[in-house]
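Single-letter residue listing:
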Amino acid sequence: MAAGKADEALAGFEAVVASIPPDRLPSVPQAWLPLLQLQVAAQARLPAEKRDWSRIDALLERLQQAPEVSASQMALLRADVRVLKGEFDAAAAVLDKAGAADARNPQVAAARGSLALRRGGPAAARDILAALPADVGADPAVLSIDAQVAAAEGRDAAVAAFARIEGRARELPDEPAARLLSQLAGLTLGFGDREAAERLWTEVAARQPDDTQSRSALFELALDSGDLARAEAAATALGKVAGDASPQGRVARAAVAITAVRKALLTRQEPGGPMPELSAAERQRLDEARNLLVEAENGRAGWSRVQTLYAEVEGLKGDVTAAIDRLQRAVSLGATNPAVVRQLVSLLYATNRIDEARRALAALGPESPGLERLSAEVEMRSGKFDQAVALAEKTVAADSTNADELLWFGQLLERSGKRDKAMEIVERAVEAAPHRPETWLTLFSLQLAAGRRRAAEQTLDRSADKLADPQRGLTLAQGNEMLGRLDDAERSYREAAAASPTDIAMQRSLAEFLLRAGRLRPARDVLDGIFAASAA
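Residues numbered from 1 in each chain as written. Predicted model: local features only at pLDDT ≥ 70, side-chain atom pairs only at ≥ 80, totals over all residues. Heavy atoms only, no water.

Section: the packing of aromatic side chains
And step 1. On inspection of all chains with the given rule, the structure shows two aromatic pairs.
And step 2. With centroids separated by 4.8 Å and ring planes inclined at 25°, the aromatic side chains of Tyr493 and Phe513 adopt a geometry described as stacked. Separated by 20 residues along the polypeptide, Tyr493 in helix H28 (residues 486-499) and Phe513 in helix H29 (residues 504-516) bring together distant segments of the chain. Just as Tyr493 is buried, Phe513 falls in that class too.
And step 3. Over the aromatic face of Trp303 sits the side chain of Arg300, whose NZ or CZ is 4.0 Å from the ring centroid. (Phe/Tyr/Trp six-rings, centres within 6.5 Å; stacked < 30°, edge-to-face > 60°. Helix = DSSP H or I, 4+ residues; strand = E, 2+ residues; numbered from the N terminus. Buried < 20%, exposed > 50% of the residue type's maximum accessible area, 1.4 Å probe, protein only. Lys NZ or Arg CZ within 6 Å of the ring centre and 35° of its normal.)

Below, the structure is given as C-alpha cells:
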C-alpha cells in the first residue's frame, strides 16, 4: 500500500476505534487488529530515531487486560511489535513462553519458526519445526514456514521439501491448499523453475476458478516467455475472471500490445544496430496501450505495475526522460522488483544522472540481489574506483567460471586502472569459454594496450586453434588489423566472408576494413556485391 493511502486508512480506523466504547473494543477485532497493523506499519516507515511506539504499547496494554484476547494471540501481537522494534531476543522469549504454554497452537509454532529463521537461519528454524507434533506440523501456517525454511536451505534441499509440502497441501481444503500451492509456485520460480511454477499456479486456478492472483501470475509467466499467443490466451483468461474492464484486464491487454511492438522492433533491428523507427501501426498500438493504462490507473490508483508499463511505452517511443519519471513513480509506489530498479538505474546511468541512480539503488540497498553489478558501475562512473572494485569482487565468485561476469569484471578492472589484475581475470574468461571470440579479443586488446605485443600475438595464435569458422577468421582479421598487419588482416577478412557468403554483416565487415585501410577499389567491389545481393 502506498504511504498516502496507508495514512488515510490509519486515520479512518483511528476514527472508528475512537467511536467504540473502551470496554467493548477488545470484542471488535475487526477494528483494533487492522488499526494495530497500520500503526505498526506507520512507525516502521519512519527512521529509527523518529519512531514513537507509545500509542501501540498503550493499545496492547488495553488488549492485555481483556478476556476476549487469548494469551497466545496476545503473545503473537507483542512478538510482532518487538521484532519491528528490533528486540529479537525479547520477541523470541515471548514466543517460546507461549509455545510452552500452548504447544499445539499452529500460529505460535509458525511464528517461532519464522523468527528462528530470521535470527539463526534455516538450521535453527528446522530444529523448531522438527520438534512439533505431527498434526501441528501439517497445519497450513506451519507448512508455509516449512516452505520458507526449505527455500533458505538451498535448491537441492528445497526440491525434496517442496515435493513433500506439495503432497501435504493436496490433503487440505481448496482455499488453504491454493494459498500454499501459490506460495510454492513463487518460491519455485525464485529458483528458476518456470515449468513447475506454471504447473502449480495452474492447479491453484483450477481449485479456485475465481482467483485473480493465480491468473495474473500465469499471465506474467506467459508474457515473460515471449510467446505472444500464450500471453494473449492468458490475458483473455485473466479478463474472464477479473473482468475485461477491470484494472487487471486492461493492464494485461496493454502489456501484450507493448510486448508485441517490442518484439517487432527487435525483429527488424540489425545486430549491433540502433532500434528501428516505430511504424505508424506500432505507434497507434502503443497509443491504444497507453489509453488502457489511463483507464486502469483511474480504477486502481497507486498500482506500480501501471507505471512500469507507462515507462515501457515512453521508452519505445524514445522519450527516456518520461520513462525515468514513470519508473521513479513506480518505485515511490512501492515497486521493489529488482528488474524495475535495475531498469531505472540503467536509464539514470545512461543519462549521467549519477546521484539519482545512487539514490534509487539505496532504496533496495546497494548489495540487493541482481543489483551489485549495476551498483559497481554507478560507483565507477562517480570516480569511486576502489568502491566499484570492492562491489564487483563481491559479485564475482573467486572460483567463477561464468565467462560473461568474468569479462565484465575484467573490463571494470581495466577502467579502474588495474590492468594486470584485469588480464588475469579475462584469462579465466578465455579458459571458461574458449569457443567465444570476444573472450580472446578482450584479452588480446588488454595485452596490446599494456605494451605486451608478443603476448598479444600468442593469444591470437591460440585463438586460431580454438575457434571455428567464420568466427575464427573474423577474430584473426580484427587482431591482425590492430597489430598493423593489414595484408594478413585482409586475407582473414576475406576468408571469413567466403565462409559465410550469404551473411551480409560479414561482407560489410570486409568492406569497412578495406575502407579503413584506404583500399578503395576492392572496397567498392565488395559493396557492389552487397547491393547486388540485397536487390536479388
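Re the pattern of salt bridges
And step 1. Applying the stated criterion across every chain, the model contains 38 salt bridges.
And step 2. Ionic pairing is found between Asp174 and Arg207, a salt bridge with its closest N-O pair at 2.8 Å. Taken together, the residues Asp174 in helix H11 (residues 174-190) and Arg207 in helix H12 (residues 194-207) connect sequence positions 33 residues apart.
And step 3. A relative accessible area of 18% means that Arg207 is categorised as buried.
And step 4. A salt bridge links Glu295 to Arg250, with the shortest nitrogen-to-oxygen separation between them at 3.0 Å. You can see Glu295 sitting in helix H16 (residues 280-299) and its partner Arg250 sitting in helix H15 (residues 247-268), a full 45 residues away along the chain.
And step 5. Salt bridges linked by common partners bring Glu166, Arg170, Asp174, Arg199, Glu203 and Arg207 together as one network. (Salt bridge = Lys/Arg side-chain N within 4 Å of Asp/Glu carboxyl O.)

Let's talk about the nonpolar core
And step 1. Ranked by size, the top nonpolar core spans 28 residues in total, and within it Phe219, Val251, Ile258, Leu286, Leu293 and Val306 carry the most contacts.
And step 2. Of all the elements in the fold, those that place two or more residues in this core are helix H13 (212-225), helix H14 (228-242), H15, H16 and helix H17 (304-316).
And step 3. Counting residues per element, this core draws most heavily on H15, at nine residues.
And step 4. Beyond its immediate stretch of four places on either side in the chain, Ile258 contacts Leu286, Ala289, Leu309, Glu312, Val313 and Leu316. (Core = buried A, V, L, I, M, F, W, Y, C linked by side-chain atoms within 4.5 Å. Contact = heavy atoms within 4.5 Å.)

Some words on the side chain of Glu314
And step 1. One can find Glu314 in helix H17.
And step 2. For Glu314, a relative accessible area of 11% corresponds to the buried category.
And step 3. Excluding its chain neighbours within four sequence positions, the residues that come into contact with Glu314 are Arg290, Asp319, Ala322 and Ala323.

Brief notes about unusual backbone geometry
And step 1. Following Asp469, the chain continues to Pro470 via a peptide bond in cis, the omega torsion being 5°.
And step 2. Tracing the backbone through its elements, the reader meets Pro470 in the loop between helix H26 (453-466) and helix H27 (471-483).

Concerning the packing of helix H6 (residues 106-120) against helix H9 (residues 140-152)
And step 1. At their nearest, the axes of H6 and H9 sit 8 Å apart, and the two run at 15° to each other. In terms of axis orientation, H6 runs roughly parallel to H9. Both H6 and H9 take part in a crossing whose hand is left-handed. The residues of H9 that touch H6, namely those facing Pro106, Gln107, Ala109, Ala110, Gly113, Ser114 and Leu117, are Ala141, Val142, Ile145, Gln148, Val149 and Ala152.
And step 2. Taken together, the residues of the contact of H6 with H9 sort by class into nine nonpolar, four polar and no charged. (Axes fitted to C-alpha atoms, helices over the stretch in contact; angles between N-to-C directions. Parallel < 35°, antiparallel > 145°, perpendicular 65-115°, else oblique. Left-handed = near helix turned anticlockwise from the far one by under 90°. Nonpolar A, V, L, I, M, F, W, Y, C, P; charged D, E, K, R; others polar.)

Some points on the side chain of Glu405
And step 1. Here Glu405 lies in helix H23 (residues 403-415).
And step 2. Sequence-distant contacts of Glu405, defined by excluding residues within four places in its chain, comprise Arg373, Thr395, Val396, Ala397 and Ser400.

Description of the environment of Leu293
And step 1. For Leu293, the position within the fold is in helix H16.
And step 2. Residue Leu293 is classed as buried on the basis of its relative accessible area of 0%.
And step 3. In sequence terms Leu293 and Gln248 are 45 residues apart; their C-alpha atoms lie 10.0 Å from each other.
And step 4. Excluding residues within four positions of it along the chain, Leu293 makes contact with Val251, Ala254, Val306, Leu309, Tyr310 and Val313.

Digging into helix H21 (residues 372-381)
Side chains of residues three or four places apart in an α-helix project in the same direction, reflecting 3.6 residues per turn.
And step 1. Taken across its ten residues, H21 has seven buried, putting it largely inside the fold.
And step 2. Just downstream of H21 lies Gly383, where phi reads positive at about 85°.

Digging into the packing of helix H19 (residues 338-350) against H21
And step 1. Running from amino to carboxyl end, H19 crosses H21 at an angle of 20°, the nearest separation of the two axes being 11 Å. Taken together, the axis directions place H19 and H21 in an arrangement best described as roughly parallel. In the crossing of H19 with H21, the sense of the turn from one axis to the other is left-handed. Counting all contacts with H19, which are made through Arg342, Val345, Ser346 and Tyr349, the residues of H21 involved are Leu374, Glu377, Val378 and Arg381.
And step 2. Considered class by class, the residues forming the contact of H19 with H21 number four nonpolar, one polar and three charged.

Focus: H23
And step 1. Given a rise of 1.5 Å per residue, 13 residues ought to cover 18 Å, and the 18 Å separating the end C-alpha atoms of H23 matches this to within 8%.
And step 2. Every buried residue belonging to H23 is among Ala403, Glu405, Leu406, Leu407, Trp408, Phe409, Gly410, Leu412 and Leu413, and all of these are buried.
And step 3. On the buried face of H23, the contacting elements are H21, helix H22 (385-395), helix H24 (419-432) and helix H25 (437-449).
And step 4. Here H23 starts with a cap whose side-chain oxygen sits 3.0 Å from the backbone nitrogen of Asp404, and that cap is Asn402.
And step 5. The positive-phi residue at the C-terminal boundary of H23 is Gly417, with phi of around 90°. (Expected span 1.5 Å × (residues − 1). Polar contact = N/O pair within 3.5 Å; in protein donor to acceptor, adjacent residues only side chain to side chain.)

This is a description of form; function is not addressed.
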